[in-house]
Amino acid sequence: MVRPTGVHQFVPALLPRDATGAHTLALRDALREAGWTSEIYVEAAHDDLRPEAHYFEEYAERAQPGDVLLYQVATGSPMADFLLGRPEPLVLSYHNITPASFYEPWEPATAAKVDAARAQLAALVPRAALCMADSSFSAAELVALGCRTPAVVPVLVEPARFAPDPDPAEVARLRAGRDTGTVMLFVGRLSPNKAQHRLVETLWWLRRTEDPRARLRLVGSAITPTYAEAVLRFADELGLAEAVEWGEDLTPAQLAAWYAEADVFVCQSEHEGFCIPLLEAMHFGLPVVAIARGAVPETLGGGGLLVGDGRPVSVATAIGRIVADPDLARVLAEAGTDRLRAFSPSLVRQQHIELLAGVHCGPGTAA
Amino acid sequence: MSTASHDASSLDEPSTVSQPEQAPPGAGPGTGTTVGEDGTRSVTVVADGDAAARAAYLAQVMADIDAEVARRRASGDLPAGLERQLDELFLEFSPMSARGTDRLREQLAVVDAGAFVDIAVPVASRKAVGSALKRLIRSAISWYVGFIVHQIVKFGWSVSRLFHLVVEEVEDLSDRVDALGAPDLPEGVHVASAPGTSWWADDAAAALSGVVGRVLVADCGDGSLVGRLVHDGVDAYGLDPSEHALEEALAEGLDVREGTVLEHLGVVGGEGLAGVVLDGSIQWLRPNDRLRLVDLVADRLAVGGVLVLHSAAPEGWERSVGPVVADLAPGRPVHAETWAHLLESRDLVVQTVKHSAPAAVLERLPADQPGAAVVNAAVDAVEALASVAGDYIVVAVRQS
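The next subject is the overall build of chain A. The number of helices and strands found in chain A is 14 helices and 13 strands. By the burial criterion, 54% of the 367 residues in chain A qualify as buried. A sequence separation of at least 24 residues applies to 71% of the contacts in chain A between residues at least 6 apart.

Regarding its fold elements, chain B presents 13 helices and 10 strands. A buried classification covers 23% of the 400 residues belonging to chain B. Across chain B, contacts joining residues at least 24 apart in sequence account for 66% of those joining residues at least 6 apart.

Moving on, we get to the nonpolar core. In terms of nonpolar packing, the biggest core is built from 131 residues, with Val91, Leu92, Met184, Val289 and Ile319 of chain A touching the most fellow members. Sequence-distant contacts of Val91 of chain A, that is, excluding residues within four places in its chain, are made with Val68, Leu69, Leu70, Ala128, Ala129, Leu130, Met132, Leu356 and Val359 of chain A. One finds Leu285, Leu293, Leu309 and Ile393 of chain B within the second-largest nonpolar core, a separate group that totals 48 residues.

A few words now on the interface of chain A and chain B. Each partner contributes residues to the interface: chain A has 30 residues there, and chain B has 28 residues. When residues of the side of chain A that touches chain B are traced back to their parent elements, those giving at least two are helix H7 (196-209), helix H8 (225-237), helix H12 (312-324) and helix H13 (326-340) of chain A. Sorting elements by how many residues they give to the side of chain A that touches chain B places H12 of chain A first, with 7 residues. For the side of chain A that touches chain B, the per-class residue count stands at 13 nonpolar, 7 polar and 10 charged.

For the rest of this paragraph, the subject is the sheet that holds strand E11 (residues 264-267) of chain A. Two strands in a sheet stick together by hydrogen bonds in their backbones, pointing the same way (parallel) or opposite ways (antiparallel). All names here are of chain A. Pairing within the open sheet is parallel, and its 6 strands lie in the order E10-E9-E8-E11-E12-E13. The sheet is open, and its two edges are formed by strand E10 (244-247) and strand E13 (305-307), each paired on a single side. On average, adjacent strands in this sheet sit at an angle of 25 degrees to one another, irrespective of strand direction. The sheet strands contacting helix H9 (residues 252-260) are strand E8 (183-187), strand E9 (215-219) and E10, and the helix crosses E9 at an angle near 155 degrees.

Looking now at the environment of Leu49 of chain A. Residue and element names in this part refer to chain A. Relative to the elements of secondary structure, Leu49 occurs in the loop between strand E2 (40-45) and strand E3 (53-55). What makes Leu49 partly exposed here is the crowd of 18 C-beta atoms within 10 Å. Note: C-alpha distance between Leu49 and Leu25 (24 residues apart in sequence) is 9.7 Å. Setting aside chain neighbours within four positions, we find Leu49 in contact with Leu14 and Pro16.

Attention shifts here to the sheet that holds strand E7 (residues 151-152) of chain A. All names here are of chain A. Taken in spatial order, the 7 strands make up an open sheet running E3-E2-E1-E4-E5-E6-E7, and their pairing is parallel. This sheet does not close on itself; its edge strands, each paired only once, are E3 and E7. Both strand E1 (residues 6-14) and strand E4 (residues 67-73) contribute to a ladder of 5 bridges, which runs parallel. Paired with Gly6 across the strands is Asp67, a residue of E4. Each of E1, E2 and E4 touches helix H1 (residues 19-33); the most contacted strand, E1, lies at about 165 degrees to it. In this fold helix H14 (residues 345-357) packs onto E1, E4, strand E5 (90-94), strand E6 (130-133) and E7, with an angle of close to 165 degrees to the strand it touches most, E6.

The next point concerns the pairing of E6 of chain A. Residues and elements named next belong to chain A. Burial of E6 is two-sided: the residues Leu130 and Met132 facing one way and the residues Cys131 and Ala133 facing the other way are all buried. Here E5 pairs with E6 via 4 bridges, running parallel. The residue of E6 that forms the bridge with Ser93 is Met132. Chirality of the crossover, the property in question, places the unit of E5, helix H4 (residues 108-124) and E6 among those that are right-handed.

All names here are of chain B. What helix H12 (residues 336-344) keeps buried is the set Ala336, Trp339 and Leu343. Down the axis of H12, the smallest arc covering the buried residues is 60 degrees, so these residues share one side. Along H12, exposed side chains directed more than 90 degrees from the buried face belong to Glu337 and His341. Close packing links the buried residues of H12 with helix H9 (287-300), strand E8 (301-312), strand E9 (348-355) and strand E10 (391-398).

Before going further, it helps to spend a moment on unusual backbone geometry. Residues and elements named next belong to chain A. For Asn96, which is not glycine, the phi torsion reads 85 degrees and is therefore positive. Of note, the phi angle at Cys275 is positive, near 80 degrees, even though the residue is not glycine. Positionally, Cys275 belongs in the loop between E11 and helix H10 (276-283). Cys275 sits in the buried class, given 28 other C-beta atoms within 10 Å.

Residue and element names in this part refer to chain B. Extensive coverage of strand E4 (residues 214-218) is indicated by the burial of 4 of its 5 residues. Sheet topology note: the E4/strand E5 (residues 235-240) ladder contains 5 bridges and is parallel. Counted as the bridge partner of Val215 is Ala236 from E5. Between the parallel elements E4 and E5, the chain passes through helix H6 (residues 224-231) in a crossover that is right-handed. Here 3 bridges tie E4 to strand E7 (residues 273-278), and the two strands are oriented parallel to one another. Residue pairing for E7: Leu216 is matched across the bridge by Val276.

Next up on the list: the confidence of the model for chain B. For chain B, per-residue confidence averages 79 on the pLDDT scale, and 81% of positions sit at 70 or higher. Scoring the predicted complex yields pTM 0.61 and, for the interface, ipTM 0.85.

The next thing to look at is the packing of helix H6 (residues 168-176) of chain A against H9 of chain A. Residue and element names in this part refer to chain A. It is at 8 Å that the axes of H6 and H9 come closest, and there the two elements cross at 35 degrees. The two elements H6 and H9 meet at a crossing, and its hand is right-handed. Residues Glu170, Val171 and Leu174 of H6 pack against Gln254, Ala257, Trp258 and Ala260 of H9. Here the residues of the contact of H6 with H9 sort into 5 nonpolar, 1 polar and 1 charged.

Turning our attention to the environment of Glu248 of chain A. Turning to its location among the elements, Glu248 of chain A is positioned in the loop between E10 and H9. Look past the residues within four positions of Glu248 of chain A in its chain and what remains in contact with it is Val219, Gly220 and Ser221 of chain A.

Moving on, we get to the packing of H7 of chain A against H12 of chain A. Residue and element names in this part refer to chain A. The contact between H7 and H12 brings their axes to 8 Å, and the two run at 55 degrees. One way to sum up the angle between H7 and H12 is to call them oblique. Note on packing geometry: the crossing formed by H7 with H12 is right-handed. Residues Arg198, Glu201, Thr202, Trp205, Leu206 and Thr209 of H7 touch H12, and the partners they reach there are Pro312, Val313, Val315, Ala316, Ile319 and Gly320.

Take the environment of Glu318 of chain B next. Relative to the assigned elements, Glu318 of chain B resides in helix H10 (residues 314-321). With 15 residues separating them in the primary sequence, Glu318 of chain B and Pro333 of chain B have C-alpha atoms 9.6 Å apart.

Reading guide: rules and limits
Residues numbered from 1 in each chain as written. Chains lettered and ligands numbered in written order. Predicted model: local features only at pLDDT ≥ 70, side-chain atom pairs only at ≥ 80, totals over all residues. Helix = DSSP H or I, 4+ residues; strand = E, 2+ residues; numbered from the N terminus. Buried ≥ 20, exposed ≤ 12 C-beta atoms within 10 Å, placed from the backbone. Contact = placed C-beta atoms within 7 Å. Core = buried A, V, L, I, M, F, W, Y, C linked by C-beta atoms within 7 Å. Nonpolar A, V, L, I, M, F, W, Y, C, P; charged D, E, K, R; others polar. Pairing = 2+ DSSP bridges. Axes fitted to C-alpha atoms, helices over the stretch in contact; angles between N-to-C directions. Right-handed = clockwise from strand over helix to strand, strands pointing away. Arc of directions from axis to C-beta. pLDDT = per-residue confidence, 0-100. Left-handed = near helix turned anticlockwise from the far one by under 90°. Parallel < 35°, antiparallel > 145°, perpendicular 65-115°, else oblique.

Structure follows, in structure tokens:
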């Protein structure tokens, strides 16, 4: 069996403060440490990360025998067609594609785009020598597409991604706007599958039944502008405009401040392929309340409260209970810290390296 | 708020068990081991022991929370309807939530906004040289980009203009269709119906006797025909546009619901019914709705399924409904022969057409009276001229 000598990653966009981007960079470093050559190839890269990447078309001239191509799949890209035409062994790392049904009422064009991305995935799976997924939830999709034995390997989340200390100016700003009410936090792009409108509903119930001064803080880019606008209008309609804060493009230190100034992390996403912010909340010692959708139950493990029925009323009651019971909040924070160990970077790095080392680079490598 | 009693401090105490030399398989994170003097290995199950106790504690917390929610719901603090209203309120903000031409106009505004392409590419950059470089590139290629953009914008506006024309045309058509709508009938007008006690009930029951599958009785009124069919062993259910008309049937525990036959058949699966009884408001359906009804029945009836149709005859209808309803009704009854023609064109074979017997209204002379035969013959002739058919039933079966 011929072992790979180089593992090169292909990712449509390499962006700062982006889960797939951070994973790709961390994995590149781990692969190099393991003795392989490893480069990142992109369709587009942010200015700050441009030196870290090459345009994917350039790979054709740089290809070497023993190369394995690892495609980070989270969206559609012309890169998929390029990879389909390459003779090197292909490895898919599937981070999940949001189903079109979430976008249809908001942005039909985006719905068509994700459908096209899924079609690309369907074409890539039979060609792949190895399929990996962040979660069993995502792996099940790969099985449905014909992959018999997908490997489940978590996202590589390096502690360096978190700022050691919160930005003091941001802390002061957040405290100035707070009147001691409960602060709910959610981090994730404003998108229909993240269901931020459900968080607004939960806030409404929380203020009605538990804490009339409660606030909701949302962090994330408005990737679906029509949805983001609707969430804010909805909050306004419910008289919550002043109680909902939205932050985007935060630096790691600013993000640390948002975590530090929150009482509970609340996730009511309807669809998640992994949900890195759950790990962030655990890292910052914040109690987590989430609903059982997508990969959330397996990522959360026992590291938080999982509200079975997922209804805002129940989530609000759970939040009220956590805020009223410091012992419970402490136990949840400890549970999160313990859960985080299952995603230890050294463990995840090793899992990736072992799987990639097993990819056969000889003739007839395509599955 | 209720609070579960628990000993949180116990969660902090690590439990220690003695194990043979070999570490337990699957020892998870947080499991520490130390080798003692006797060669045994002490396994300090910090995380696993805590995890089990913690999981039990958190499960109890969730059970408490569920119980709290249930208690509040029961007390009326958390009305279920309010949750639904919040969901519905949010959906109103979806761009696809608008209906009819409002929706078209909203999407048209999106197309208009998207038809403009800004040639002034942003040049801001965090690096000092970046902004200058971007500005340089922008001005250097503006002639090229401008040429392309001009064509794209021209195309965009052409498409937008076309959509405007289409929307205006649709709005005009909507207005015209609305204008064709029938005026509202006087409030409370309904074909009061007790079909189970009518002259044709026996014929309907006989036609539907022994059918296997669900039988719909449309415009079932008081449910008397549904009840009779159920009594005969038929799996019958009823439908009526008037909730008020159903009160008696509901009180008797019959399977009846509010709704119109066209709406209901629209959601029934193909070949899903073994029998259909049409009555009541079918007599004043608009011509296009009548054709739609026949199409739906032909599709929803299983092969071998039975249709029983009862309607007023055109000649007697005006008298039965009164002048206002007769003038304002959206449609007029048709003759039994017309229904038969429509049904047979959809592979429904007509088995029976039966008219109600005209009531004798003029008195005859006793036969033993002088001249009775002549007078009664004259009375018969007059009555035949004056009488009109009241109503009829048509029974048909789906052949294929």
